[in-house]
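# Close look at the chain arrangement
Chain by chain, the residues run as shown.
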Amino acid sequence: MLKALLVIAIGFLPSLLSLWMMRRTRRSRLRMRQAAMNFPLVQGRQNLRPVEGDRYYLEGVGYLIGDISCKFNARSGYMRCAVNPEGPCNGCRHYEPRELTSNEKST
């Protein structure tokens with residue numbers, strides 16, 4: 001009889017351990033979510049806005065930042081180029097004029 005109870009107790013042990021771990025993980029996840037919601041977002045987003053003088057509107061594409069005649073320009077509203085993403089474009093040592101494609105030459 002004692003052996004049977006011992007076998008049953010050992011059989012329930014993994015499931016009890018699993019339930020305990022799930023509860024512990026849930027509590028820590030709730031704490032992490034709370035901390036993330038209370039974290040100030042202002043610090044990370046200060047440098048994301050482009051300078052207004054560095055912004056161009058291209059029809060069919062939208063707003064672009066940086067020197068659009070440069071070969072490395074990302075043609076994006078969020079990043080200037082692959083070489084110097086934060087800018088500025090004026091006086092950049094990596095500037096190379098963009099080569100025109102056959103479609104742009106004929107126009």
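Scoring rules and cut-offs
The written sequence of each chain sets the order in which its residues are numbered from 1. In keeping with the model being predicted, local features are shown solely for residues with a pLDDT of at least 70 and side-chain atom pairs are shown and tallied solely at 80 or more, while totals for entire chains, interfaces and linings include all residues. As a rule here, side-chain values cover all heavy atoms of the structure and leave hydrogens and water aside. Classification of ring pairs uses Phe, Tyr and Trp, with its six-membered ring standing for Trp, and accepts pairs whose centres are within 6.5 Å; under 30 degrees between planes counts as stacked, over 60 as edge-to-face, and the remaining range as tilted. Per-residue accessibility, obtained with a 1.4 Å probe over protein chains only, is compared with the maximum for each type, and a residue is labelled buried under 20%, exposed over 50%, and partly exposed between these values. Each residue carries a pLDDT score, the predictor's own confidence in it, on a scale running from 0 to 100. Only runs of H or I of at least four residues qualify as helices and only runs of E of at least two qualify as strands under DSSP, and these elements are numbered from the N terminus. In a helix, the anticipated span is given by 1.5 Å times the number of residues less one. The angle between axes fitted to the seven-residue stretch ending at a residue and the seven-residue stretch beginning at it gives the bend at that residue. Between N or O atoms, a polar contact is any pair within 3.5 Å; within protein, one atom must be a potential hydrogen donor and the other a potential acceptor, and residues adjacent in sequence are included only when both atoms are from side chains. Should any heavy atoms of two residues lie within 4.5 Å, those residues are considered in contact. Following DSSP output, two strands are said to pair if at least two bridges run between them. Salt bridges are defined by distance alone: a side-chain nitrogen of Lys or Arg within 4 Å of a carboxyl oxygen of Asp or Glu. Here a patch means residues that are over 30% exposed by relative accessible area and free of salt bridges, tied together within 9 Å if like-charged and within 5 Å if nonpolar (Val, Leu, Ile, Met, Phe, Trp, Tyr). The method behind every accessible area is Shrake-Rupley, applied with a 1.4 Å probe, and residues are considered shielded solely by the protein chains displayed.

Going through the model one piece at a time under the given rule, you end up with one aromatic pair. When the ring of Tyr57 is compared with that of Tyr63, the centres are 5.2 Å apart and the planes differ by 65 degrees; the resulting orientation is edge-to-face. Note on Tyr63: relative accessible area 47%, which makes it partly exposed.

When pLDDT is averaged along the protein chain, the result is 79; 80% of the residues meet or exceed 70. For the protein chain, the element scoring lowest by mean pLDDT is helix 2 (residues 102-106), at 59; helix 1 (residues 2-38) scores highest, at 91.

So, about helix 1. Taking 1.5 Å of rise per residue, 37 residues should cover 54 Å, and helix 1 covers 53 Å from first to last C-alpha, within 8% of that figure. Its axis deflected by about 30 degrees at Leu13, helix 1 carries its strongest bend there, up to four residues before the proline Pro14. In terms of burial, helix 1 is a largely surface element, zero of the 37 residues being buried.

The next subject is the side chain of Asn73. Relative to the helices and strands, Asn73 resides in the loop between strand 2 (62-65) and helix 2. Given the relative accessible area of 6%, Asn73 is considered buried. Only 3.3 Å separates the side chain of Asn73 from the backbone oxygen of Ile65, close enough to count as a polar contact. One polar contact links the side chain of Asn73 to the main-chain carbonyl oxygen of Asp67, over a distance of 3.1 Å. Residue contacts for Asn73: discarding those within four places in its chain leaves Ile65, Gly66, Asp67, Ile68, Arg80 and Cys81.

In this sheet, strand 2 lies alongside strand 1 (residues 55-58) in antiparallel orientation, the contact comprising four bridges. In the sheet register, Leu58 faces strand 2, and the bridge partner there is Gly62.

The next point concerns the pattern of salt bridges. Applying the stated criterion across every chain yields a total of one salt bridge. Residue Lys71 is joined to Glu96 by a salt bridge in which the shortest nitrogen-to-oxygen separation is 3.6 Å. Residue Lys71 is found in the loop between strand 2 and helix 2, and its partner Glu96 is found in the loop between strand 2 and helix 2; the two are separated by 25 residues along the sequence. Judged by its relative accessible area of 34%, Glu96 is partly exposed.

Moving on to a nonpolar patch on the surface. Together, Met1, Leu5, Ile8, Phe12, Leu16, Leu19 and Met22 make up an exposed nonpolar region whose accessible area comes to about 810 Å². Relative to the elements of secondary structure, Leu5 occurs in helix 1.

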